[in-house]
Amino acid sequence: DAGVIQSPRHEVTEMGQEVTLRCKPISGHNSLFWYRQTMMRGLELLIYFNNNVPIDDSGMPEDRFSAKMPNASFSTLKIQPSEPRDSAVYFCASSPTAGTDNTEAFFGQGTRLTVV
Amino acid sequence: GEDVEQSLFLSVREGDSSVINCTYTDSSSTYLYWYKQEPGAGLQLLTYIFSNMDMKQDQRLTVLLNKKDKHLSLRIADTQTGDSAIYFCAESRDNAGNMLTFGGGTRLMVKP
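> Could you give an account of the pattern of salt bridges, with specific residues and numbers?
Residue and element names in this part refer to chain A. Under the defined criterion, the tally for this structure stands at 11 salt bridges over all chains. Notably, a salt bridge pairs Arg 64 with Glu 62, separated by 2.9 Å at the nearest N-O pair. Given the relative accessible area of 10%, Arg 64 is considered buried. Shared partners join several salt bridges into a network, and the residues in it are Glu 62, Arg 64, Glu 83, Arg 85 and Asp 86.

Printed below as a string of structure tokens:
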């Protein structure tokens with residue numbers, strides 16, 4: 001398996017533009033997570049899906065952020081409109097079915113977003 | 001709420017042992033993790049420990065958990081230059097162990 005795949009790896013956009021980050025979880029994993037990493041705030045959980053359903057989105061910073069998981073193999077994180085303070089590395093992670101003994105969360109390589 | 005704290009920086013010489021410390025506040029944590037992040041890369045799970053254990057050893061890595069003091073440490077024996085990275089402590093409360101709260105990360109620098 002290729003692991004968790006995120007695209008793009010790098011994104012530079014102008015303030016006010018819409019940005020869409022993409023994630024393909026590991027096949028067979030039922031849980032998917034979006035994290036944001038910044039120097040000031042470290043790693044923060046934004047949203048968590050289980051079986052394609054958003055379970056906890058309390059970490060989503062504001063209404064400009066939205067996430068979807070239309071099927072088990074794809075998720076998007078959208079920022080509209082983007083602002084310079086959204087600049088960060090965004091990680092997607094997936095893990096097997098909740099409640100099992102396998103607790104490992106596998107992370108993608110991240111998307112480095114720069115909003116100018 | 002949950003809080004996980006780590007020191008920012010650690011420097012050791014190649015061949016020495018490294019000890020990275022972490023404290024957490026949530027007494028209901030079920031799993032505690034150590035992740036490694038190399039430059040430009042995602043997070044790689046190194047090891048984890050269940051909250052009813054106090055020690056776990058995996059090759060050069062030893063994890064010690066003091067649940068009473070809510071203190072977790074990662075010891076790397078015979079540290080190599082390839083171990084230079086940022087190490088994140090994380091905790092989780094759910095059964096899946098994957099809704100993680102991370103510490104700020106400790107940057108380990110290994111000098112030859």
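Now that the structure has been shown, we can carry on.
> So, the layout of surface pockets: which residues are in play, and what are the values?
The volume enclosed by the largest pocket comes to roughly 760 Å³. Lining of the largest pocket is provided by 31 residues; of these, Gln 37 and Met 39 of chain A together with Gln 37, Ile 86 and Arg 107 of chain B occupy positions nearest its centre. Where the lining of the largest pocket is concerned, the elements lending two or more residues are strand S4 (31–38), strand S9 (88–95) and strand S11 (111–115) of chain A together with strand S9 (85–92) and strand S11 (106–111) of chain B. If you tally residues by element for the lining of the largest pocket, the top one is S11 of chain B, at four residues. For the lining of the largest pocket, the class distribution of residues is 13 nonpolar, 13 polar and five charged.

> Could you give an account of the pairing of strand S6 (residues 53–56) of chain A, naming the residues involved and the relevant values?
Residues and elements named next belong to chain A. Relative to S6, strand S5 (residues 42–50) is paired through three bridges, and the arrangement is antiparallel. Considered in S6, the bridge of Tyr 48 is made with Asp 56. Taking the residues that link successive antiparallel strands as the turn, the S5-S6 hairpin has two residues, and the phi of Asn 51 there is positive, at about 50 degrees.

> Explain the sheet that holds strand S7 (residues 61–66) of chain B to me, and be specific about the residues and the numbers.
Residue and element names in this part refer to chain B. An order of S1-S3-S8-S7-S6 is seen for the five strands of this open sheet, with the pairing classed as antiparallel. Edge positions in the sheet fall to strand S1 (4–6) and strand S6 (55–58), since each of these pairs with one other strand and no more. Strand after strand, the sheet turns through a mean of 15 degrees between neighbouring axes, direction not considered.

> Can you lay out the nonpolar core for me, pointing to particular residues and giving the numbers?
Residue and element names in this part refer to chain A. Judged by nonpolar contacts, the single largest core of 21 residues is most densely connected at Trp 34, Leu 77 and Tyr 90. For this core, the elements supplying multiple residues, two or more each, are strand S3 (19–24), S4, S5, strand S7 (65–71), strand S8 (74–79), S9 and S11. Setting aside anything within four residues of it in sequence, one finds Leu 77 in contact with Val 19, Thr 20, Leu 21, Trp 34, Leu 46, Met 60, Ser 66, Ala 67 and Tyr 90.

> Break down the state of the cysteines for me, citing the residues and quoting the values.
Under the counting rule described, the total for this entry stands at two disulfides over all chains. The disulfide bridge from Cys 23 of chain A ends at Cys 92 of chain A, spanning 1.9 Å between sulfur atoms. Judged by the torsion about the S-S bond (-70 degrees), the Cys 23 of chain A/Cys 92 of chain A disulfide is left-handed. Pair noted here: Cys 23 of chain A is in strand S3 and Cys 92 of chain A is in strand S9, with a separation of 69 residues, a long-range link. Cys 92 of chain A carries the same exposure label as Cys 23 of chain A, and that label is buried. Each disulfide pairs two cysteine sulfurs, and for Cys 22 of chain B the partner residue is Cys 89 of chain B, the sulfurs being separated by 2.0 Å. On the sign convention where negative means left-handed, the S-S torsion of about -65 degrees between Cys 22 of chain B and Cys 89 of chain B marks this disulfide as left-handed. Of the two residues, Cys 22 of chain B is situated in strand S3 (residues 18–24) and Cys 89 of chain B in strand S9; the sequence distance between them amounts to 67 residues. With respect to class, Cys 22 of chain B is no different from Cys 89 of chain B; both count as buried.

Cut-offs and rules
- Residues numbered from 1 in each chain as written.
- Chains lettered and ligands numbered in written order.
- Predicted model: local features only at pLDDT ≥ 70, side-chain atom pairs only at ≥ 80, totals over all residues.
- Heavy atoms only, no water.
- Salt bridge = Lys/Arg side-chain N within 4 Å of Asp/Glu carboxyl O.
- Buried < 20%, exposed > 50% of the residue type's maximum accessible area, 1.4 Å probe, protein only.
- 1 Å grid on protein atoms, 1.4 Å probe; cavity = no way out; pocket = protein on both sides within 12 Å on 5 of 7 lines; lining within 4 Å.
- Points joined across faces, edges and corners; volume = space filled by probe spheres on them.
- Helix = DSSP H or I, 4+ residues; strand = E, 2+ residues; numbered from the N terminus.
- Nonpolar A, V, L, I, M, F, W, Y, C, P; charged D, E, K, R; others polar.
- Pairing = 2+ DSSP bridges.
- Axes fitted to C-alpha atoms, helices over the stretch in contact; angles between N-to-C directions.
- Core = buried A, V, L, I, M, F, W, Y, C linked by side-chain atoms within 4.5 Å.
- Contact = heavy atoms within 4.5 Å.
- Disulfide = S-S within 2.5 Å.

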